[in-house]
Amino acid sequence: MKKKQKLRLGTKLILSILGTALLITLAYQGYLTLRYRLHRDYRSVLSDNADNWEFEEGTPFLGTKDPDSPDGMVLAARNNILKLFVNPDTAEAAVLDKRTGVMTYTNPPEAANDPVAISDINRSILQSQLIVDYFDTNRRDGRFNSFDLSTSLGQFELESLNNGFRCTYTIGDMSYEYGVVPLYITRERLDYFREKMSTNGARIVAGRYIESTEAPGFLTLTPEARIGNLTTNQTLRTLNGHFTDAGYSEEDLNADMSASGVEGAVPLGFVVPLEYRLDGDSLVVSIPTSHITEKGGGRISRIELLRTFGAGGSEEEGYMMVPNGSGSIIYFNNEKTFAEEYRQYVYGLDPMMSEYIILGNSEPARMPYFGIQRTGETAQGILAEIQAGDTLADITADTAGRLNSYNYVFPAFTLRGSISLAMFGTTGNEATLPVVEANMAQVNLTVRYNFLTDEYEGYSGMARYAREQLIERGVLTPKSEAGDIPLYMSIVGSAGGQRRFLSVSYWGQYPMTTFAQASEITDVLAENGITNQVINYQGWFNRGYYNEVPDRIRLVRQLGSRRELEALSQRVESRGGKLFLDTTFQRVSFASRRYNWQLETSRYYGGGMVAVLGQTCPDCYSNRASLGYVETLYNLLSPKFLGRYVNNFIRAFNSYDVTGVSLRDLGSDLHSDRKRTEMITREEAKIIVLDSLGRLEAASPLMISGGNSYSFGFASDFINVPIAHNEFYIVDEEIPFYQMLLSGSADYAGPPINLTGGLDEEAVIVRLIEFGASPHFAFTAENSSGLKYTGLNHVYSATFSNWSDTAVRIYNAVNEALSQVSDSFIVKHEILPGGRRVTYDNGVVFEINGNSFTVREAAW
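Predicted model, so just to flag it, every value in this text is computed and none were measured.

Undergrad: Residues and numbers for the packing of aromatic side chains, please.
TA: Evaluation of the coordinates by the stated rule reveals 37 aromatic pairs. With centroids separated by 4.9 Å and ring planes inclined at 85°, the aromatic side chains of Phe193 and Tyr248 adopt a geometry described as edge-to-face. With Phe193 in helix α4 (residues 187–194) and Tyr248 in the loop between α6 (234–245) and α7 (250–260), this pair connects stretches of sequence that are 55 residues apart. Just as Phe193 is buried, Tyr248 falls in that class too. Pairing Tyr209 with Phe243 gives two aromatic rings, centres 6.4 Å apart and planes at 75°, and the pair type is edge-to-face. Of the two residues, Tyr209 sits in strand β11 (residues 209–211) while Phe243 sits in helix α6, which places them 34 residues apart along the sequence. Just as Tyr209 is buried, Phe243 falls in that class too. A connected cluster of aromatic rings, assembled from ring pairs, spans Trp540, Phe541, Phe585, Phe649, Phe653 and Tyr656. Sitting over the face of the ring of Tyr729, Lys336 holds its NZ or CZ atom 5.1 Å from the ring centroid. When the ring centre of Tyr656 is taken as origin, the NZ or CZ atom of Arg562, which lies over that ring, is 4.1 Å away.

Undergrad: For the pairing of strand β20 (residues 342–345), give the residues involved together with the corresponding values.
TA: The two faces of the sheet receive side chains in turn, since in a regular strand these alternate between them. Alternating positions in β20 separate cleanly, Tyr342 and Gln344 being buried on one face and Arg343 and Tyr345 remaining unburied on the opposite face. Pairing geometry for β20 and strand β23 (residues 393–398), over 4 bridges, is antiparallel. Looking at β23, one finds that Tyr345 is bridged to Asp394.

Undergrad: Give a description of the sheet that holds strand β36 (residues 660–663) that names residues and reports values.
TA: Two modes of strand pairing occur in sheets, parallel and antiparallel, and in both the strands are linked by backbone hydrogen bonds. What the 8 strands build is an open sheet, ordered β40-β38-β37-β36-β32-β31-β28-β41; its pairing is parallel. The open sheet has two free edges, formed respectively by β40 (747–748) and β41 (776–779), since each of these has just one partner strand. Bridge count between strand β32 (residues 578–583) and β36: 4 bridges; the pairing is parallel. When the sheet's bridge partners are listed, Asp582 is paired in β36 with Ser662. Sheet strands touched by helix α10 (residues 562–574): β31 (533–538) and β32. Its angle to β32, the strand with the most contacts, is close to 135°.

Undergrad: With reference to specific residues and values, describe α10.
TA: The end-to-end C-alpha distance of α10, which contains 13 residues, comes to 18 Å, matching closely the 18 Å that a straight helix rising 1.5 Å per residue would cover. Every buried residue of α10 is accounted for by Leu565, Glu566, Leu568, Ser569 and Val572. For α10, the arc enclosing every buried residue in end-on projection is 150°, short of the 170-degree limit, so these residues lie on one face. Of the exposed residues in α10, those oriented more than 90 degrees away from the buried face are Arg563 and Ser574. Those residues of α10 that are buried are in contact with α9 (515–527), β31 and β32. Where α10 terminates, the next one or two residues include Gly576, which has phi positive at roughly 100°.

Undergrad: Requested: an account of the pattern of salt bridges, with residues and values cited.
TA: Pairs may arise between side chains of opposite charge once their charged atoms sit close together. Counted under the stated rule, the structure contains 55 salt bridges. In this structure, Arg143 and Asp133 form a salt bridge, with 2.7 Å as the shortest nitrogen-oxygen distance. Of the two residues, Arg143 is situated in strand β7 (residues 141–145) and Asp133 in strand β6 (residues 130–135); the sequence distance between them amounts to 10 residues. Assessed through its relative accessible area of 41%, Arg143 is described here as partly exposed. Of the residues examined, Asp133 reaches a relative accessible area of 15% and is grouped as buried. Arg307 serves as the salt-bridge partner of Glu304, at 2.7 Å between the closest nitrogen and oxygen.

What counts, and where the lines are drawn
- Residues numbered from 1 in each chain as written.
- Predicted model: local features only at pLDDT ≥ 70, side-chain atom pairs only at ≥ 80, totals over all residues.
- Heavy atoms only, no water.
- Phe/Tyr/Trp six-rings, centres within 6.5 Å; stacked < 30°, edge-to-face > 60°.
- Helix = DSSP H or I, 4+ residues; strand = E, 2+ residues; numbered from the N terminus.
- Buried < 20%, exposed > 50% of the residue type's maximum accessible area, 1.4 Å probe, protein only.
- Lys NZ or Arg CZ within 6 Å of the ring centre and 35° of its normal.
- Pairing = 2+ DSSP bridges.
- Contact = heavy atoms within 4.5 Å.
- Axes fitted to C-alpha atoms, helices over the stretch in contact; angles between N-to-C directions.
- Expected span 1.5 Å × (residues − 1).
- Arc of directions from axis to C-beta.
- Salt bridge = Lys/Arg side-chain N within 4 Å of Asp/Glu carboxyl O.

Treat this as a map of the structure, not an account of what it does.
Next up, the structure:
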């Protein structure tokens, strides 16, 4: 009896424990569901900031002849500056600038006879307005051009729009030799339409179908009924008549053929609308992707738009401007036919669509601008701005002599991502299988081509035009007064990392600059006359430089108290400087303990893996290496949760009496979340980032690192901006296009001078003056060798006592020049034999020759 009681008690205890564990598990899963899985706040951000664009219904095209019409073209639209023409037979378009009399074509008029484009495909591309890259039903990639598979087949339709026209291309070989007679159809569907036929017609149709071996569950035409086509086969003509009388339509045909699943049953093709509209001195070209139709199981991956719009011929002079780092120009006909074409993704390639292997470090294209400048008799400047779909875009440029006789630059848009998965068989063989996203990005892709007059000549004129547009839109605000330029300092407070005590490893801090020591640094510089000190204080909270998620603020106690931090800010501000406290939102270090990496991290589309990135391995070139420092590995926070962390940070930060916040990644990194069940495209991620930037700016002044152009309107100070271009072989000259946009509206600096290697003071001074940039140094109060065994070991030369004299010398030399123009715009940058000339709108001119410069007044 006692044994039975003990057994019952034991059973109850086990059941009680199991029940408690189940309740705890359910409660925890409920918490995860409510906090993470059902988090939907980002959707309101997307809906509140949704583009209010509406699809314009077209009307029958009514082109008119005009005295200025090029051969074969008619007038489609006009305003007081421009005329827009189109060829009704080829869909080629042209724009006449009435101010200059210059005609700009979407395709070179002599493309069909180009002597360099000797292959048929190259000539076809020259005559195309669109190039479509796609995957078929077997996920094989392919490429269509609009000339071969649309306009030359007459598969396009023109419609008139307000101030323009729409050309809707049907791209692909859409021919079907059987009329509306379905090659495959289910018995149920066939019987449904037979009931609508005459008795004789229903009998004839039934006798021409048999069970299909290619499509189980479907009927197919008998072999004799398939012979020939409607013209040569009387049986097909009879069947076509019966199906037509029964109301069987082309839509029914496409539905039945697609349902069969047989490859090629429905011709693979795409219907793509391309819209042209005049707007003042601009041509606005757009592709509303929501109205693209994909047929035959094809999936569009990428579209190239107007490859040769405004292209310069081999006999013309001029150049192309590309957003390569600070900016570059590529001269027409530079004879670099063996060089690879220029191609860069705007804002860099989305990490969620990139490979793990990094073959080189390059400065990303941080601006959605490109341009083309023709000189001589046909002088014309065109500045293009990608206004919608910029996050999906890449920009390509090439010169005459390699593929054709033209110099051209154009945008392309990646509408659907794909990733290659390695498949391993039982025999040990390996193959890669592309996994293609189901849906394409829904955005009204828009490129504005601005036609410039002599007033905006050259790349300087392009930059001035773009800057004036940014000011007009309220993105940039001109400065109101001049003064000393800032000295930017990235001061490392503390770096967290592994430490050891009695052979026991533990996570600890490597304090490099306390709040009190930072104050001493500012005093030393002030004693040398530098008062406009702008500090980017790093590693001040949440476990140091590689901070935990910023949903709360915990000062690194080894650096000092909150009172000391606020006293530092007051001390800097009292002299006219600023103290910004650095944080990262999107790159979540593995050192973070309060982060649910499984639920909060962006995921890759193929396989659903979470995004893990880090340092680049010098042996295998993988960008997922820790190199022994786990804190340098990081997850990419899904845009879904960005707003929550930003709001929590603002609530915590508002109680601190300091100048503002420095954003290490929010103005520089832009990534999507490819999670299949809740995808956030890069275009949507940009909307979320802009909303977060707006919230942060409303709470506190901002400093931004990197500075993608969409962040221009949110900060007063930018650091680590590009002050050089990538030395791609095809480019010819480096220009400060990026700086010409920001000058006179914001202060900016490049990367820390003392961490770039190979310091030549005179060269540094001259470059900063040419680019209008302030000096930027990285400092530590303690010897920076203390960072040797941390993830910050790249900050190898930052000890303030070693660099203070150099910093003062460089600052004084640069400030003596740039303080004269600190509130002025760069209006002209000129490339001269052996030097450069930079002109500001207040009349100050810098003549640069090698490592020296002179200052003079402009001769207006």
